[in-house]
Structure formats: C-alpha cells, structure tokens
Amino acid sequence: MSITVNASSTSTFHSTSTPAALTLAAAVSAGDLLVLAVFLYNGTINESVSTVSSSPARVWTKRKASTFVNGSHHADLEEWTAPSPGAIGASTLAVTVTTNNSVPNGSDCCMSVRSISGLNAASPSDPNASLPAVAQNATASSVAPSVSGVSTTNIDDVVFYFAGFASNATVTPTPSGFTSDCSFTEGAGPDFAGMSVGYEIVTGAQTNLTIASNATMWWILMADAFTADAAPFSHSQAAYCGA
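Residues numbered from 1 in each chain as written. Predicted model: local features only at pLDDT ≥ 70, side-chain atom pairs only at ≥ 80, totals over all residues. Heavy atoms only, no water.

Further remarks concern the pairing of strand 16 (residues 218-227). With respect to burial, strand 16 is a largely interior element, 10 of its 10 residues being buried. Burial along strand 16 is two-sided: the face carrying Trp218, Ile220, Met222, Asp224 and Phe226 and the face carrying Trp219, Leu221, Ala223, Ala225 and Thr227 are both buried. As paired strands, strand 10 (residues 133-137) and strand 16 are joined by 5 bridges and run antiparallel to one another. Across the sheet, the residue bridging to Gln136 is Ile220, located in strand 16. As paired strands, strand 12 (residues 157-166) and strand 16 are joined by 10 bridges and run antiparallel to one another. Pairing of Ala166 across the sheet is with Trp218, part of strand 16. (Buried < 20%, exposed > 50% of the residue type's maximum accessible area, 1.4 Å probe, protein only. Helix = DSSP H or I, 4+ residues; strand = E, 2+ residues; numbered from the N terminus. Pairing = 2+ DSSP bridges.)

Attention shifts here to the sheet that holds strand 13 (residues 179-186). Pairing in this open sheet of 5 strands is antiparallel, and the strands run 10-16-12-14-13 from one edge to the other. What marks the edges here is a single partner per strand, and that holds for strand 10 and strand 13. Sheet twist, expressed as the average angle between the axes of neighbouring strands with direction ignored, equals 10 degrees. Of the pairings in the sheet, the one linking strand 13 to strand 14 (residues 193-202) comprises 7 bridges and is antiparallel in character. Following the sheet pairing, Cys182 is matched in strand 14 by Val197. (Axes fitted to C-alpha atoms, helices over the stretch in contact; angles between N-to-C directions.)

In this structure, Phe39, Phe160, Phe162, Met195 and Phe226 are the most contacted members of the largest nonpolar core, which totals 26 residues. Elements supplying a minimum of two residues to this core: strand 4 (32-42), strand 7 (73-84), strand 9 (108-116), strand 12, strand 13, strand 14 and strand 16. For this core, the element with the highest residue contribution is strand 4, accounting for 5 residues. Leu22, Leu24, Val49 and Cys109 belong to the second-largest nonpolar core, a separate cluster that totals 20 residues. (Core = buried A, V, L, I, M, F, W, Y, C linked by side-chain atoms within 4.5 Å.)

In structure tokens, the structure reads:
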C-alpha cells in the first residue's frame, strides 16, 4: 500500500466562549492515530486548550504544549493525539476544542487534524527523548523559524512539524524535504494567526535534524515523529482556522 494524502477540508471561526469545531473530510480506518494541532493567539491574555472531544468519541491526550507571553503577544501551540479503535466514515468525525478564554473578542485560533494509518498500534509515537521538539520566537519578527535537535529512535518514521504564527498572519514556506499538509491563516481580528503543517517520511533513525524555513514573524514551531508498522501507511488531513 502506497502513502496517500486524502482530500482536506478547511473553515474559519472566531473563537469566543463557543467551542471551535471541525469535521475530518477523509474516512478513518480502524487503528488510525488522530493528530490535532491547535494554535491560539491573543493580544490580552494567554489562552490555552482546556478540553478536546470528538464524535464519535475518542480519548484525546495532550502530547505537548508550548506557550509564550511577551507584552501584547500571547501565543499557545498544542499537539493532541487520539487512537481510533474503530473505523469512521468520511465527513463523520467531528472534533471540538474548548479553551479557557474569557476575553469578549476571543483569540485568533488555527487548528488542523489528520488521521495516520499504518502506525505501530501499541506505541505509535517515536520514544526519542527529543520529541516533541519545540522552539519559539516571542521577542522579534525578524528571526526565522527553526527547531533543532530533532532525533528519532525508530526507523521508518513520519516526521511532522507544526508551526503557529502570530501577529502578521504570514505562513512559512514548507521546509525543504517536507510535504505540505496544510497552510492557512485567520484574519478576522482583532489579531491575526496562521498555521503551517508538513511531514516527511524517513527511513533509518534520524539524528539532530534541524527543521527551518526562511519566513520571519513571531512563531512557535514543534516537531514530532510517529513510527510505522511493518506495512506502509497512509495519511489524511483536515484543517481548521478561526479566532
């Protein structure tokens, strides 16, 4: 079975007290791993994800969160995962994100979700201590996004990067060697946000990778890796952006 990226779906939403939601366009196979990335940007408070739920119900676990606060810049990038023990039909899986937001205007928010098939069912996340790797720039808009020290323990991994950008809604180009998963912006205001996600399938353990691009802005960049089963795997994704 070859690697397949299925059709995606996107939408925009301004996050207030109403939970943000999106529906995965592609069907989910039994044994898939669902991977969700959420980026929140607020000029008043530091907002974070309180809960993730879905219908049909799946057990969501926060894998990593990275936050910065610098003056009027408040940003949060989070990665959540959930195994799917059973199959789900196309345009059926609905994912809902609730935050701790108490600001009337809400936060600018981008989120994307995808299913990955063919991973190691017992332990889909690569166990390397460097993962998930995180870097951030909260002090200036002239530092290029880059995260280094990304290593994998297992072979035949898929390496992901999740990037959230604040203030100017400029989305980074896909790093060299990576396939673009989604790249989108939210500009409903009063602030702005953007997200870029990509992946690269690697063979053999990776050591001290650096994932970088040539774009500049306030940002948080996260890298993670998931381990394939003996058979090849397929990848499908949907994207959501809102504030």
